Amino acid sequence: MSKSPVPTPHIGAQVGDIAETVLLPGDPLRAKFIAENFLEDVVQYNTVRGMNGYTGYYKGKRISVQGSGMGIPSIGIYSYELIHFYGVKNLIRIGSAGALSDKLDLYDVVIGMSASTDSNFGAQYNLPGTYAPTASYELLSKAVEVAKEQGTEVHVGNILSSDIFYGDQGMEGLKKWTKMGVLCVEMEAAGLYMNAARAGVNALAILTISDCPLEGKETTAHEREVAFTKMMDIALNLA
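What this report covers is the structure whose coordinates are included nearby. (Residues numbered from 1 in each chain as written. Predicted model: local features only at pLDDT ≥ 70, side-chain atom pairs only at ≥ 80, totals over all residues. Heavy atoms only, no water.)

Turning next to the overall build of the chain. When you go through the chain residue by residue, the secondary structure sums to 7 helices and 10 strands. Its C-alpha atoms give the chain a radius of gyration of 17 Å, near enough to 18 Å, the size a compact globule of 239 residues would have. If you line up the chain on its principal axes, its C-alpha atoms span 45 × 45 × 30 Å. Per-residue burial for the chain yields a buried fraction of 54% across its 239 residues. For the chain, the accessible area works out to roughly 11,300 Å², and carbon and sulfur atoms hold 51% of it. (Helix = DSSP H or I, 4+ residues; strand = E, 2+ residues; numbered from the N terminus. Rg over C-alpha atoms; globule rule 2.2 N^0.38 Å. Buried < 20%, exposed > 50% of the residue type's maximum accessible area, 1.4 Å probe, protein only. Areas by Shrake-Rupley, 256 points an atom, 1.4 Å probe, with all protein chains shown as cover.)

So this is what it looks like as structure tokens:
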């Protein structure tokens with residue numbers, strides 16, 4: 001763990017305020033929802049930039065939940081600071097995603113085994129090739145088992161972490177990823193996986209399908225905040 005001073009520019013916590021396992025919803029209001037509805041003995045450790053962070057207990061295990069914002073640059077900052085300044089060992093993204101596979105529908109749960117990306121985030125490592133951002137098998141295998149125990153069907157496979165929400169190619173760009181078997185599109189997991197791999201810690205993305213862009217179906221903002229409880233249950237049981 002880095003000896004850099006805390007609080008950091010983005011997280012107003014002291015060392016020890018944050019658990020070794022952190023759930024990372026993009027929406028800070030989803031972090032608030034989880035803290036208020038799932039955790040006990042909750043302490044809020046962060047309000048900087050409105051990006052809520054909480055630590056509490058779930059089934060006797062200490063766990064934190066931290067809003068991480070939208071896009072790889074944002075989750076890149078929060079995950080880096082959590083890992084290097086606060087000693088976090090397990091980072092679990094719980095977010096929304098758009099379905100690309102016709103096997104998926106609204107509210108389905110996807111676990112990102114790997115994360116393709118159109119981002120240039122990996123260029124910083126100056127690797128002599130193309131890096132494949134991959135989840136931690138330890139968390140992945142446990143998440144699949146937890147889902148089975150809960151009776152929740154999950155889809156496991158490759159996802160897309162895109163830097164672009166409003167793409168110039170529109171649906172045609174997304175269809176190209178579908179041809180390669182990519183299940184869904186979101187905007188954060190690849191950066192999280194790379195930060196975790198570089199630091200030797202664990203990371204996983206558990207996603208709920210919030211919209212089906214190729215079919216024109218979508219959920220509301222409120223539903224994305226409070227209704228995606230199946231992925232929350234899985235993630236909380238990984239602590």
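Right, picking up where we left off after that structure.
The subject of this paragraph is the layout of surface pockets. Of the pockets and cavities examined, the largest pocket occupies roughly 1,100 Å³. Secondary structure elements with two or more residues in the lining of the largest pocket: β5 (90–99), α4 (171–178), β8 (184–186), β9 (202–212), β10 (217–218) and α6 (221–226). Along the lines of polarity and charge, the residues of the lining of the largest pocket split into 14 nonpolar, 13 polar and 12 charged. Around the second largest pocket, the lining residues are Thr117, Ser119, Asn120, Gly122, Ala123, Asn126, Leu127, Gly129, Thr130, Tyr131, Pro133 and Met194. (1 Å grid on protein atoms, 1.4 Å probe; cavity = no way out; pocket = protein on both sides within 12 Å on 5 of 7 lines; lining within 4 Å. Points joined across faces, edges and corners; volume = space filled by probe spheres on them. Nonpolar A, V, L, I, M, F, W, Y, C, P; charged D, E, K, R; others polar.)

By the criterion of burial, β5 is predominantly enclosed, with 9 of the 10 residues buried. Pairing of strand β1 (residues 21–24) with β5, which is carried by 4 bridges, proceeds in the parallel orientation. Bridge pairing links Thr21 to Asn90 in β5. Relative to β8, β5 runs antiparallel, the two sharing 2 bridges. Considered in β8, the bridge of Gly98 is made with Val185. (Pairing = 2+ DSSP bridges.)

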